[in-house]
Amino acid sequence: MSERFTGSFTQQEPIPDEAIEAAVRVMRSGRLHRYNTAPGEESEVALLEREFAELMGARFALATGSGGIAITTALRAVGVAAGEPVLTNAFTLAPVPGAIAAVGGRPVYVEVTEDLVIDLDDLEAKIGAAKVLLLSHMRGHLCDMDRLMQICDAAGVKVVEDCAHTMGAAWNGQASGRQGLVGCYSTQTYKHMNSGEGGFLVTDDEDVAARAIILSGSYMLYGRHLAAPGPEAFERVKYDTPNVSGRMDNLRAAVLRPQLKTLRRQCENWNARYRVVEEGLRATPGLKIVERPEAESYVGSSIQFLLPGWSETAVREVLSRCAARGVELKWFGDAEPVGFTSRYDSWRYADAPPMPQTDRVLAGLMDMRLPLTFSLEDCAQLARIIRAEVSAVYQSQV
Ligand SMILES: *Cc1c(COP(=O)(O)O)cnc(C)c1O
């Protein structure tokens, strides 16, 4: 009888006791709204923003109601107007082109490479098409950020980074989200900190920060922010910036502040799991590991591998054989959107020319979550099962 995995791919760790106690304190106070403060009190959200800015080495930080709100707020704050093209990754998740659509923009997709990052040659070829790049570090893979910034800086293109999968990651020692003009993060349950829903943006730019804070719904209470520019920056933008209302509340902030302190350790825990799966899959016939560049410090909260050149039938066979043994793989090659997984040609509200290179990569792209509730032994077992099933199907092909 072959072994079967019984863990749950969607089960995260419990919220830490310290965070539960902080949440209860906020609920007992009744002051859940971020601007509902007692005299002299600094709100949980304002304190969280100051701590997050410090952790990221940013001048300014804003907490938002979701990662998607952080991205739309950033796009508006850097000046994306209705009808405007915005460069973005063809390989990403639905809230990324969705954020562009939310501000009335038009996604212009850039191909993905076999390393699962934005194709910088294709970016260079298309760079004249837009004034803003919404760069998605999809599944935590960082491209050569030095070359990307050179291309964008030379063309005067502003970079907004989607760091939903790179909170805690770094490029050459600098936190992910700090290379571009704005970095955006998510604290939704499946990301690297868990408040159910939530997000952040960080920037060093005073005008972008002031506009983002007003956009998020600060009214004229921006003086209560602790990671914000001075009043002059708000004076410059306050009459021209709409209030789009997308704040974080004190309850979520209370849940997040203790998690900020353990983020680094949690990232190490993810990477330990990632390395066990990666090692277990190495040298599997027909399977290609995605090698990580030396300059990249990643967070292995999920793992991807390629079945390059495989037929759709063979890929589906691997998926169903793994599923039968309790291993949930996602496949980005499916023409039909399934669960959280969809692809550029399913987002039909936006025009997309054929993306042959992306199609070829996605056709063989497998993806698996690694929640921290999995032990290292679990991870070794996952790798054994995938290795066995991929090998079996591969051998039956040749
Ligand atoms: C989750 C996610 C987002 C959006 O974050 P939410 O907090 O769910 O709105 C954006 N980009 C990517 C790549 C994501 O995975």
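Please refer to the structure placed before this passage.
Values in this document were obtained by computation on a predicted structure and should not be read as measured data. (Residues numbered from 1 in each chain as written. Predicted model: local features only at pLDDT ≥ 70, side-chain atom pairs only at ≥ 80, totals over all residues. Heavy atoms only, no water.)

Asks: Describe in detail the overall build of the protein chain, supporting the description with residues and values.
Replies: A count of helices and strands for the protein chain gives 12 helices and 14 strands. For the protein chain, whose C-alpha radius of gyration is 21 Å, the value lies close to the compact-globule estimate of 21 Å for 398 residues. Taken over the C-alpha atoms alone, the protein chain extends approximately 70 × 50 × 35 Å along its principal axes. Here the protein chain holds 398 residues, and the buried ones make up 56% of them. The contacts of the protein chain with a sequence gap of at least 6 include a subset with a gap of at least 24, amounting to 72%. (Helix = DSSP H or I, 4+ residues; strand = E, 2+ residues; numbered from the N terminus. Rg over C-alpha atoms; globule rule 2.2 N^0.38 Å. Buried < 20%, exposed > 50% of the residue type's maximum accessible area, 1.4 Å probe, protein only. Contact = heavy atoms within 4.5 Å.)

Asks: Account for helix α6 (residues 145-155), with residues named and values stated.
Replies: Residue pairs three or four apart in sequence face the same way in an α-helix, which turns once every 3.6 residues. For α6, every residue scored as buried is listed here: Met145, Leu148, Met149, Ile151 and Cys152. Looking straight down α6, one finds that the buried residues subtend no more than 160° of arc, so they occupy a single side. With respect to the buried face of α6, the exposed residues turned more than 90 degrees away are Gln150, Asp153 and Ala154. Its buried side turned inward, α6 meets α5 (120-126), β4 (132-136), β5 (158-162) and β6 (170-171). Backbone nitrogen of Asp146 and a side-chain oxygen of the N-cap are separated by 3.1 Å at the start of α6; the cap is Asp144. (Arc of directions from axis to C-beta. Polar contact = N/O pair within 3.5 Å; in protein donor to acceptor, adjacent residues only side chain to side chain.)

Asks: Lay out the packing of helix α3 (residues 67-77) against helix α7 (residues 206-216) in plain terms, naming residues and giving numbers.
Replies: At a minimum axis separation of 9 Å, α3 and α7 run at an interaxial angle of 130°. The orientation of α3 relative to α7 falls into the category oblique. α3 and α7 meet at a crossing whose hand is right-handed. Residue-level inspection shows Thr73, Arg76 and Ala77 of α3 in contact with α7, the latter providing Val208, Arg211, Ala212 and Leu215. (Axes fitted to C-alpha atoms, helices over the stretch in contact; angles between N-to-C directions. Parallel < 35°, antiparallel > 145°, perpendicular 65-115°, else oblique. Left-handed = near helix turned anticlockwise from the far one by under 90°.)

Asks: A description of the pattern of salt bridges should follow, citing residues and the corresponding values.
Replies: In this structure the tally under the stated criterion is 29 salt bridges. Taking the shortest distance from any N to any O, the salt bridge between Asp121 and Arg147 comes out at 2.9 Å. Linking Asp121 in helix α5 with Arg147 in helix α6, this pair joins segments that are 26 residues apart in sequence. The class of Arg147 is partly exposed, set by a relative accessible area of 28%. It is possible to trace a salt-bridge network through shared partners that takes in Arg59, Glu206, Asp207 and Arg236. (Salt bridge = Lys/Arg side-chain N within 4 Å of Asp/Glu carboxyl O.)

Asks: Let's hear about unusual backbone geometry: which residues, and what values?
Replies: Residues apart from glycine generally show negative phi values, whereas peptide bonds are mostly found in trans. Of note in the backbone geometry, Ser245 takes a positive phi value of approximately 60° without being a glycine. When its relative accessible area of 43% is taken as the criterion, Ser245 is described as partly exposed. We note that Ala283 has phi near 65°; this positive angle belongs to a residue other than glycine. Mapping Ala283 onto the fold places it in the loop between α9 (250-281) and β10 (288-289).

Asks: Which residues make up the packing of aromatic side chains, and what values do they have?
Replies: The final tally for this structure, using the stated rule, is 12 aromatic pairs. Ring geometry for Tyr222 and Phe234: centres 4.0 Å apart, planes at 0°, overall stacked. Of this pair, Tyr222 sits in the loop between α7 and α8 (231-237) while Phe234 is found in helix α8, placing the two residues 12 residues apart along the sequence. Overall, the relative accessible area of 11% leaves Tyr222 in the buried class. (Phe/Tyr/Trp six-rings, centres within 6.5 Å; stacked < 30°, edge-to-face > 60°.)

Asks: Break down the site of the ligand for me, citing the residues and quoting the values.
Replies: Close contacts around the ligand come from 13 residues, with Gly67, Gly68, His165, Ser186 and Lys191 the closest. Between the ligand and Gly68, the relevant distance is 2.8 Å, taken from an oxygen atom to a main-chain nitrogen or oxygen of the residue. Separating a nitrogen atom of the ligand from a side-chain N or O atom of Asp162 is a distance of 2.9 Å. When the free accessible area of the ligand is taken as 380 Å², the share hidden by the protein chains comes to 91%. Taken together, the elements giving at least two residues each to the shell around the ligand come down to α3 and α4 (95-102). Looking at the shell around the ligand residue by residue, the classes come out as 4 nonpolar, 7 polar and 2 charged. (Near = heavy atom within 4 Å. Areas by Shrake-Rupley, 256 points an atom, 1.4 Å probe, with all protein chains shown as cover. Nonpolar A, V, L, I, M, F, W, Y, C, P; charged D, E, K, R; others polar.)

Asks: Kindly report on α7, identifying the contributing residues and their values.
Replies: Across the 11 residues of α7, 8 count as buried, placing the element largely inside the fold. Taken as a whole, α7 has its buried residues at Val208, Ala209, Ala210, Ala212, Ile213, Ile214, Leu215 and Ser216. With a side-chain oxygen lying 3.0 Å from the backbone nitrogen of Asp207, the N-terminal cap of α7 falls on Asp205. Looking at the residues trailing α7, positive phi occurs at Gly217, about 110°.

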